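Chains, contacts and geometry: an overview
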Amino acid sequence: MTMTGLRVRTLSDKAFAIGLALKGLDGVAEVVGGLWLLLIGPVRLQAWIGALVAPELNQDPTDFIATHVLHWAAQFDQGSVLFAAAYLLSHGAAKLVVIVEILRGRLWAYPGLIWLTAAFAAYQIYHMAVAGPSFGFVALTLFDLLIIALTVVEYRRLRHAAGKSRAAG
């Protein structure tokens, strides 16, 4: 499988391509989720979550997950929904731009992906330090650190290859 600017021959290349695809899917999901939050607003979000957990709470009014999800939803106001939507939209859109540019063979997009992913990983680490770690945040942060490492390897390989072709030309 080859795309403009993306070679998939070695195990590292394959891991990078898979990671890039997962990041791309995540970017699309974030954009869709951000738009969805903008469209529904906090009242409808709270109502939907209430309807979602109601059957579980009818069976067990002390269900740990259902009560915590309901409590979490009750804290959403217009400002927090706008913040979540802006966060998802900006993160998803920026991620998609650098991924598309990597696929188009733009060398500048590799450091862009590294810095963007590092910035969000730093925020995730800060969030975990303040709010406590969760499985999702730990897994996401570890995945982001892996993407950074794979992107660094791929970027170095491309820069090395570009330097060789300039020297030969």
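Throughout what follows, the structure given in this document is the object of discussion. None of these values were measured; they are calculated from a predicted model.

Let us look at the packing of aromatic side chains. For the structure shown, the criterion picks out six aromatic pairs. Aromatic ring contacts, followed pair by pair, group Phe83, Tyr87, Phe120 and Tyr123 into a single cluster.

Right, let's talk about a nonpolar patch on the surface for a bit. A surface patch of nonpolar side chains, about 450 Å² in accessible area, is lined by Phe83, Tyr123, Tyr126 and Val130. Of the residues forming the nonpolar patch, the biggest block, three residues, is contributed by helix H4 (residues 109-131). For valine 130, a relative accessible area of 59% translates into the label exposed.

It is worth spelling out the environment of alanine 121 at this point. Among the structural elements, alanine 121 can be located in helix H4. It is 8.5 Å that separates the C-alpha atoms of alanine 121 and leucine 142, two residues lying 21 residues apart in sequence. Once residues within four sequence positions are removed from consideration, alanine 121 is found in contact with Thr141 and Asp144.

The subject of this paragraph is the packing of helix H1 (residues 11-59) against helix H3 (residues 78-103). Running from amino to carboxyl end, H1 crosses H3 at an angle of 155°, the nearest separation of the two axes being 8 Å. Put simply, H1 runs roughly antiparallel to H3. In terms of crossing hand, the pair formed by H1 and H3 is left-handed. Class assignment for the residues of the contact of H1 with H3 results in 20 nonpolar, seven polar and four charged.

In this fold, leucine 96 is placed in helix H3. Separated by 73 residues in sequence, leucine 96 and lysine 23 have C-alpha atoms that sit 8.2 Å apart. Excluding residues within four positions of it along the chain, leucine 96 makes contact with Gly24, Gly27, Val28 and Val31.

Criteria and thresholds
- Residues numbered from 1 in each chain as written.
- Predicted model: local features only at pLDDT ≥ 70, side-chain atom pairs only at ≥ 80, totals over all residues.
- Heavy atoms only, no water.
- Phe/Tyr/Trp six-rings, centres within 6.5 Å; stacked < 30°, edge-to-face > 60°.
- Patch = residues over 30% accessible without salt bridge, like charges linked within 9 Å, V, L, I, M, F, W, Y side chains within 5 Å.
- Areas by Shrake-Rupley, 256 points an atom, 1.4 Å probe, with all protein chains shown as cover.
- Salt bridge = Lys/Arg side-chain N within 4 Å of Asp/Glu carboxyl O.
- Helix = DSSP H or I, 4+ residues; strand = E, 2+ residues; numbered from the N terminus.
- Buried < 20%, exposed > 50% of the residue type's maximum accessible area, 1.4 Å probe, protein only.
- Contact = heavy atoms within 4.5 Å.
- Axes fitted to C-alpha atoms, helices over the stretch in contact; angles between N-to-C directions.
- Parallel < 35°, antiparallel > 145°, perpendicular 65-115°, else oblique.
- Left-handed = near helix turned anticlockwise from the far one by under 90°.
- Nonpolar A, V, L, I, M, F, W, Y, C, P; charged D, E, K, R; others polar.

By themselves, these figures tell us nothing about what the structure is for.
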